[in-house]
Every structure is written in C-alpha cells, then in structure tokens.
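The lines below spell out each chain.
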Amino acid sequence: MFTINTIFDSEFSQFLDLNIYSFIVLSLFFLIVGSFVSCLVYRIPLKSHENVNIFFPSSHCPVCKNSIKKIFLIPLIGFIVQKGICFKCKTKISYFYPLTEIYFLLLGLSLLLGFGLSYSSIVLFLISAIYYILFFTDLYHKYLPLPLTMLIIALGSLSNIFLELFINFLYLDIELSAHAFVISGFLVGYGFLWIINFIFKKINGFDGIGGGDFILLGGIGTIFGPISILPIVFFGSLIGCICFVIFKFKRNQELPFGSFLILSTKLYFLSIYFELI
C-alpha cells in the first residue's frame with residue numbers, strides 16, 4: 001500500500017509536542033508569513049510601475065493612499081481593531097488579507113502536527129506559499145512570475161536530489177535515480193504542454209497555452225516526478241471545464257490554467273496523503 005510515509009520519514013509524521021510559548025511564537029510567525037504573502041499577491045503584478053515594488057512604498061490604503069499605522073499592520077489584530085475598514089477613508093478592507101493570514105496559520109500548524117519541525121514541513125510550507133502566490137496572480141492577472149516558477153523548480157530539484165523527500169520507487173514501479181526523477185519530471189511536464197500548444201498553434205495560428213504554464217508544470221514534475229503529470233493535467237483540465245461552465249466564461253476568454261494546475265496538484269498530494277491513489 002502506498003502511503004505518505006514512503007515519501008517522508010515516518011518519524012516526522014508524529015504530532016509535535018509544543019509548549020504554549022513555542023505555539024504562540026510559531027503561530028505569530030505563520031500569521032506574519034500570511035500577511036507578507038498577501039502583500040506579494042497584491043504588489044507583484046504591479047512591479048512594472050516605476051514607484052511600486054515589494055518593499056516600497058510602505059503599506060497604505062489603495063484608495064486614499066494614506067500609510068497604515070504600524071499597530072494596524074499586526075496580522076489579524078490590525079484588521080479587527082480597524083473593524084475591517086480604513087481608519088482614514090472608511091473604505092472596506094478586503095477579507096483576502098485576514099483570510100490569507102488564517103490560511104497560513106492553519107497550514108503551518110497542520111504541517112507541524114503532521115511532519116514535525118523537519119525538512120519535509122519546511123519544504124512543503126515554502127512550496128505551498130509559492131503556489132498560493134502563483135494561484136492568485138494567475139487567477140486575477142493571468143500572470144505567472146518567472147522567478148517564482150523557477151523557485152518551484154529549484155525547491156523540487158534540491159529536495160529530491162539531496163533529500164529524496166518526494167521520491168518513491170515503489171509508487172513509480174521503476175527504479176530511477178534522484179537526478180533522473182527530477183530531470184524526467186521536468187521534461188515530461190514542460191514538454192507535455194509544449195507539444196499540446198504546438199499542435200494547437202499549427203491548427204489555429206496562435207498560442208493556446210502560456211509559456212508560464214509550461215514552466216509551472218515542469219516545476220511540478222521536479223517535485224512529484226513524471227508519472228504525476230498525466231493525472232495533474234487531467235484534473236486541472238477538468239477543474240477548468242467545470243469553472244468554464246459555472247462562471248460562464250466567454251469562448252475566447254483567457255483562462256487561468258496555471259491556477260487550475262495548482263489546485264489539481266493540491267488534490268494530487270492530498271490523494272497520496274490519504275491513500276486514495
């Protein structure tokens with residue numbers, strides 16, 4: 001039976017015994033990461049503007065442009081104290097910010113409880129954070145930042161080549177070295193979408209899939225290997241079809257396929273975790 005313990009060391013799957021102080025510190029850290037990630041989701045698509053980058057200008061209301069007081073920057077507390085509105089112009093603050101902070105709090109604590117404070121939990125947390133940013137930048141802006149997709153490739157490659165965190169030879173039913181696992185995973189992921197787009201372009205005369213999606217799927221392949229590509233693409237396409245019907249996209253409207261792939265990857269990982277496949 002294929003289980004999560006065949007990917008990660010079983011000692012990391014025990015519940016972590018945290019004292020109250022460690023729990024508070026780690027919870028605050030996860031909330032801060034969530035706050036930073038929500039900032040990245042907002043700012044990365046604006047990086048082409050001369051006066052906007054990740055660190056400048058300081059946090060401010062997007063409507064009245066007034067800087068936010070330091071006390072209001074405390075994750076969750078700032079939102080609650082302001083009652084969900086800007087203290088200057090009274091514009092409603094998006095629930096995206098507190099919900100992102102809560103998401104990363106739950107994510108971090110879940111990984112700690114499941115895998116302990118280990119390489120596994122750290123790598124999964126980093127990959128999940130990058131996926132989260134890519135999901136929303138693609139969903140809202142049809143944009144997959146190259147540095148982040150390349151970082152996915154780097155994390156997948158390093159974690160498998162040096163630690164073999166995601167490699168499972170019994171699941172693949174073939175013996176692959178760590179290097180072969182990573183390289184074949186990237187080539188199959190990248191090449192699969194490239195070939196589909198090549199055929200589509202020959203027929204229609206224009207690209208049907210963005211180049212960022214090629215790199216993203218290649219990065220996913222470095223994490224989960226070549227065998228994962230087909231089910232991830234299948235379920236990603238299925239999610240896209242469902243969204244097309246439910247949200248009534250126009251026929252020629254561009255779809256955030258990268259977001260669908262990320263959702264599919266999450267489902268793939270959970271299906272492995274709960275031994276569904």
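Residues numbered from 1 in each chain as written. Predicted model: local features only at pLDDT ≥ 70, side-chain atom pairs only at ≥ 80, totals over all residues. Heavy atoms only, no water.

K.L.:
Where do I start with the overall build of the chain in this structure?
P.N.:
Looking only at helices and strands, one finds ten helices and zero strands in the chain. Going from N to C terminus, the chain has its helices and strands arranged as α-α-α-α-α-α-α-α-α-α. When contacts within the chain are restricted to residue pairs at least 6 apart in sequence, those whose partners lie at least 24 apart make up 66%. Accessible surface, the chain: about 15900 Å² in total, of which carbon and sulfur atoms supply 69%. (Helix = DSSP H or I, 4+ residues; strand = E, 2+ residues; numbered from the N terminus. Contact = heavy atoms within 4.5 Å. Areas by Shrake-Rupley, 256 points an atom, 1.4 Å probe, with all protein chains shown as cover.)

K.L.:
Please explain the pattern of salt bridges as it appears in this structure.
P.N.:
Side chains carrying opposite charge are able to pair once their charged atoms draw close together. With the rule as written, the count across this model stands at one salt bridge. The salt bridge involving K201 is made with D207; its shortest N-O contact spans 3.8 Å. With relative accessibility at 41%, the residue K201 sits in the partly exposed group. (Salt bridge = Lys/Arg side-chain N within 4 Å of Asp/Glu carboxyl O. Buried < 20%, exposed > 50% of the residue type's maximum accessible area, 1.4 Å probe, protein only.)

K.L.:
What's the story with unusual backbone geometry in this structure? I'm lost.
P.N.:
With the exception of glycine, most residues fall at negative phi, and the peptide bonds are largely trans. Phi at K83 is positive, roughly 60°, even though this residue is not glycine. Examined against the element boundaries, K83 turns out to sit in the loop between α2 (77–81) and α3 (96–115). Phi at E164 is positive, roughly 55°, even though this residue is not glycine. Mapped onto the elements, E164 comes out in the loop between α5 (146–162) and α6 (169–172).

K.L.:
Is there a simple way to think about the packing of aromatic side chains in this case?
P.N.:
Both the distance between ring centres and the angle between the ring planes are used here to describe each pair of aromatic rings. According to the stated counting rule, one finds 21 aromatic pairs in the structure shown. Taken together through their ring pairs, the aromatic side chains of F29, F30, F96, Y97, Y103, F104, F125, Y132, F135, F136 and Y140 make up a single cluster. (Phe/Tyr/Trp six-rings, centres within 6.5 Å; stacked < 30°, edge-to-face > 60°.)

K.L.:
How should I be thinking about helix α7 (residues 178–204) in this particular structure?
P.N.:
Each α-helix winds once per 3.6 residues, and so residues spaced three or four apart point in a common direction. Taking 1.5 Å per residue as the helical rise, α7 with its 27 residues ought to reach 39 Å, and the 39 Å between its terminal C-alpha atoms agrees with that figure. Among all positions of α7, only A178, F181, V182, G185, G189, G191, L193 and N197 are buried. (Expected span 1.5 Å × (residues − 1).)

K.L.:
Got a minute to help me understand the confidence of the model for the chain in this structure?
P.N.:
Fine structural detail should not be taken from predicted coordinates in areas where pLDDT scores are low. Counting all residues, the mean pLDDT for the chain is 84, and 87% of those residues have values of 70 or more. In this model, residues 1–16 is a region of pLDDT below 50 whose contacts with residues beyond four sequence positions or in other chains number 45 contacts. (pLDDT = per-residue confidence, 0-100.)

K.L.:
Looking at this model, I keep getting lost on the side chain of T137. Mind explaining?
P.N.:
Tracing the sequence through the fold places T137 in helix α4 (residues 119–141). By relative accessible area, T137 is classed as buried at 0%. Looking at T137, its side chain comes within polar contact range of the main-chain oxygen of L134, at 3.2 Å. Residue contacts for T137: discarding those within four places in its chain leaves V41, P45, K142, Y143 and P145. (Polar contact = N/O pair within 3.5 Å; in protein donor to acceptor, adjacent residues only side chain to side chain.)

K.L.:
Looking at this model, I keep getting lost on helix α9 (residues 229–246). Mind explaining?
P.N.:
Taking 1.5 Å per residue as the helical rise, α9 with its 18 residues ought to reach 26 Å, and the 26 Å between its terminal C-alpha atoms agrees with that figure. Every buried residue of α9 is listed here: I229, I232, V233, G236, I239, G240 and C243. Viewed along the axis of α9, the buried residues span an arc of 125°, placing them on a single side of the element. Facing away from the buried side of α9 by more than 90 degrees, the exposed set consists of L230, V245 and I246. Buried residues along α9 sit in contact with α7, α8 (211–224) and α10 (257–273). Positive phi appears at K248, one or two residues downstream of α9, with a value of about 55°. (Arc of directions from axis to C-beta.)

K.L.:
Looking at this model, I keep getting lost on a nonpolar patch on the surface. Mind explaining?
P.N.:
A cluster of nonpolar side chains, contributed by F234, F235, L238, I242, F244, V245, I246 and F247, occupies part of the molecular surface with about 810 Å² of accessible area. Mapped onto the secondary structure, I242 falls in helix α9. Residue classification places I242 among the partly exposed positions, given a relative accessible area of 43%. (Patch = residues over 30% accessible without salt bridge, like charges linked within 9 Å, V, L, I, M, F, W, Y side chains within 5 Å.)

K.L.:
When you look at the side chain of R43 in this model, what are you seeing that I'm missing?
P.N.:
Here R43 shows up in helix α1 (residues 20–43). One buried charged side chain, R43, makes no salt bridge at all; its nearest oppositely charged neighbour is E101, positioned 13 Å away. Apart from residues lying up to four places away in sequence, R43 is in contact with N53, I54, F55, F56, P57, S58, S59 and H60. (Lys, Arg positive; Asp, Glu negative; His and termini not counted.)

K.L.:
Could you clarify how one ought to interpret the packing of α5 against α7 in this entry?
P.N.:
To characterise two packed helices, one gives the angle between the axes of the helices and the distance between these axes. Packing of α5 against α7 brings their axes to within 8 Å, and their N-to-C directions diverge by 155°. Considered as vectors, α5 and α7 are oriented roughly antiparallel to each other. With respect to the hand of their crossing, α5 and α7 are arranged in right-handed fashion. From α5, I153, G156, S157, N160 and I161 reach across to α7, where they touch A178, H179, F181, V182 and F186. Of the residues that constitute the contact of α5 with α7, the class distribution is six nonpolar, four polar and no charged. (Axes fitted to C-alpha atoms, helices over the stretch in contact; angles between N-to-C directions. Parallel < 35°, antiparallel > 145°, perpendicular 65-115°, else oblique. Left-handed = near helix turned anticlockwise from the far one by under 90°. Nonpolar A, V, L, I, M, F, W, Y, C, P; charged D, E, K, R; others polar.)

K.L.:
Help me out: how do you make sense of the packing of α3 against α4 in this one?
P.N.:
Two elements in contact, α3 and α4, have axes whose closest approach is 10 Å; the angle formed by their N-to-C orientations is 155°. Looking at the two axes, α3 sits roughly antiparallel to α4. Relative to α4, the crossing made by α3 is right-handed. Facing α3, whose interface residues are F96, T100, Y103, F104, L107, G108, L111 and F115, α4 presents S120, S121, L124, F125, S128, A129, Y132 and F136. Looking at the contact of α3 with α4 residue by residue, the classes come out as eleven nonpolar, five polar and no charged.

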